[in-house]
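What follows is each chain in one-letter form.
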Amino acid sequence: MNPDIRDAGNEPAAGDALRDFQRLHLSRAYWLARAITLYADVCDTAAPVLGRRDWKETVARAGARLGPLSEEAGRRYRQRVQRGLHPGL
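Conventions used here
Residues numbered from 1 in each chain as written. Predicted model: local features only at pLDDT ≥ 70, side-chain atom pairs only at ≥ 80, totals over all residues. Heavy atoms only, no water. 1 Å grid on protein atoms, 1.4 Å probe; cavity = no way out; pocket = protein on both sides within 12 Å on 5 of 7 lines; lining within 4 Å. Points joined across faces, edges and corners; volume = space filled by probe spheres on them. Helix = DSSP H or I, 4+ residues; strand = E, 2+ residues; numbered from the N terminus. Nonpolar A, V, L, I, M, F, W, Y, C, P; charged D, E, K, R; others polar. Salt bridge = Lys/Arg side-chain N within 4 Å of Asp/Glu carboxyl O. Buried < 20%, exposed > 50% of the residue type's maximum accessible area, 1.4 Å probe, protein only. Expected span 1.5 Å × (residues − 1). Bend = angle between axes of the 7 residues up to and from the residue. Contact = heavy atoms within 4.5 Å. Phe/Tyr/Trp six-rings, centres within 6.5 Å; stacked < 30°, edge-to-face > 60°. Patch = residues over 30% accessible without salt bridge, like charges linked within 9 Å, V, L, I, M, F, W, Y side chains within 5 Å. Areas by Shrake-Rupley, 256 points an atom, 1.4 Å probe, with all protein chains shown as cover.

*Asks:* Describe the layout of surface pockets, listing the residues and the values that go with them.
*Replies:* Over the atoms rolls a probe the size of a water molecule, and its path tells where empty space is left. Here the largest pocket is characterised by a volume of approximately 410 Å³. The wall of the largest pocket is formed by 19 residues, among which Ile36, Thr37, Ala40, Ala62 and Leu66 lie closest to the centre. Contributions of two or more residues to the lining of the largest pocket are made by α3 (25-50) and α4 (54-82). Partitioning the lining of the largest pocket into residue classes produces 13 nonpolar, five polar and one charged.

And the structure:
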């Protein structure tokens, strides 16, 4: 095996991506909120085409519950970035 390929993930600077991501609570909250928002938008768009009128109510209910959490995660994430800090630190 080519040593460059074999050792690519073992560089000291690379670290353990899974472990590093697990401690980044603010980053996870922000990106999960973004992903959920995108998924809800896709459901809203697809619901009429698929004949799923009940999705609109379900997405609206979920949005009401998750909206404030999403806004807070976004606010904290942007605040850390504006201060020049990585959101996970």
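So, next bit.
*Asks:* Any details on the pattern of salt bridges? Residues and values, ideally.
*Replies:* Working definition: two side chains of opposite charge can pair if their charged atoms are close together. Counted under the stated rule, the structure contains four salt bridges. The closest approach of N and O atoms between Glu57 and Arg61, which form a salt bridge, is 3.6 Å. One end of the pair is Glu57 and the other is Arg61, both in helix α4 and four residues apart, which spans about a single turn. Exposure remark for Glu57: the relative accessible area of 54% places this residue in the exposed category. Members of the salt-bridge network, linked through shared partners, are Glu72, Arg75 and Arg76.

*Asks:* Give me the lowdown on α4, citing residues and values where you can.
*Replies:* Helix length check: α4 (29 residues) gives 40 Å between terminal C-alpha atoms against 42 Å at 1.5 Å per residue, within 8%. The sharpest bend along α4 reaches about 45° and sits at Leu66, with the proline Pro68 one to four residues further on. For α4, the complete set of buried residues consists of Val59, Gly67, Ala73, Gly74, Tyr77 and Arg80. Each element contacted by the buried residues of α4 is listed here: α3.

*Asks:* Can you tell me about the packing of aromatic side chains, naming the residues and giving the values?
*Replies:* Taken as a whole, this structure holds three aromatic pairs when the rule is applied. Here Tyr30 and Trp31 contribute two aromatic rings whose centre-to-centre distance is 4.9 Å and whose plane-to-plane angle is 80°, an arrangement assigned as edge-to-face. Given the relative accessible area of 16%, Tyr30 is considered buried. Between Tyr30 and Tyr77 the ring centres are 4.0 Å apart and the planes differ by 10°, which places this aromatic pair in the stacked class. Placement of Tyr30 in helix α3 and of Tyr77 in helix α4 is noted, with a sequence separation of 47 residues between them. As far as burial versus exposure is concerned, Tyr30 and Tyr77 are alike and both buried. Members of the aromatic cluster, connected to one another through ring pairs, are Tyr30, Trp31 and Tyr77.

*Asks:* For a nonpolar patch on the surface, give the residues involved together with the corresponding values.
*Replies:* Taken together, the side chains of Leu32, Ile36, Leu66 and Leu69 present a nonpolar region at the surface, about 380 Å² in accessible area. Within the residue set of the nonpolar patch, elements represented by two or more residues are α3 and α4. Structurally, the position occupied by Leu66 is in helix α4.

These values are about where atoms sit, not about what they do.
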